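This is what each chain is made of:
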Amino acid sequence: MSSTWATGRGAVATMTVTPATPADLAEAEQVMREVLLRDLGGYRPRWHRDLDDLEMSYLRSPGCALLVAREVSGVLGTAAVRPCSLASPPNPEWLVREYNQPDVCQLVRVWVATAARRLGVGRALVERAVAWSLGPGGYRRVYLHTDASVPGAEKFWRSLPTREVLDQRPDPFSTVHFEIETDALLRTAGC
Ligand SMILES: CC(C)(COP(=O)(O)OP(=O)(O)OC[C@H]1O[C@@H](n2cnc3c(N)ncnc32)[C@H](O)[C@@H]1OP(=O)(O)O)[C@@H](O)C(=O)NCCC(=O)NCCS
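Time to look at unusual backbone geometry. That bond from P89 to P90 is cis: its omega, 15°, falls within 30 degrees of zero. Mapped onto the fold, P90 is located in the loop between β3 (74-83) and α4 (93-99). Located in the positive-phi region is R109, a residue other than glycine, with phi close to 55°. Its location among the elements puts R109 in strand β4 (residues 104-112). On the basis of neighbour count, R109 is assigned to the buried category, with 24 C-beta atoms found within 10 Å. Its identity as a non-glycine residue notwithstanding, R118 has a phi of 65°, on the positive side. Along the chain, R118 falls in the loop between β4 and α5 (121-134).

Bringing the environment of P151 into the picture now. Turning to its location among the elements, P151 is positioned in the loop between β5 (141-147) and α6 (153-159). A count of 9 C-beta atoms within 10 Å places P151 in the exposed class. Taking the C-alpha atoms as reference points, P151 and L40, separated by 111 residues in sequence, lie 9.9 Å from one another.

Analysis parameters
- Residues numbered from 1 in each chain as written.
- Predicted model: local features only at pLDDT ≥ 70, side-chain atom pairs only at ≥ 80, totals over all residues.
- Helix = DSSP H or I, 4+ residues; strand = E, 2+ residues; numbered from the N terminus.
- Buried ≥ 20, exposed ≤ 12 C-beta atoms within 10 Å, placed from the backbone.

Here is the structure:
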């Protein structure tokens, strides 16, 4: 997992996507807080406490990882992996039963700096996060949900090999749940 991940896409051809080290965390946190504020309505303690201690949340917690996309100018975006631990409510019980399993992880914090969007950064982060999940992470399935009211979010996930599991709209958070078709994703990525 120490190897870098170079994307073939033009504008960020020199980008690497790697598991974060302690040296990455301050910059990663800055990008994450900017995206949170600008795109996602800002920090809410109930949901975003992981940002207050990224090292403990992702570098020192079993089954967790934080991936950072970086080029010379700095960190472009993040993706994080953690054990799937959904609550019901607001999620239906059948969904919790299906995905709160030891072999399922949740993909979270797929957040790309505004200036770096539509260059393949998000996709590269997801590919690397899934590779980590099925490799060192030891998982077999990758779940995620998104707020489909955020511009671009739903289209982004549907552009990847994902399977919609549940569309909860019109719930208050426009939640759409997906499972990643991991074989297809990694095949496309050339892993
Ligand atoms: C959603 C997000 C992660 C996408 O990151 P990105 O680096 O711009 O995504 P990519 O460049 O890899 O896009 C891959 C594909 O997704 C689709 N896509 C991404 N953003 C899109 C948008 N705003 N509108 C329409 N389609 C979009 C496109 O099909 C795109 O391929 P293309 O550029 O060749 O057409 C980024 O916009 C973001 O951080 N948004 C705010 C946070 C968020 O909502 N995160 C996702 C939910 S957790």
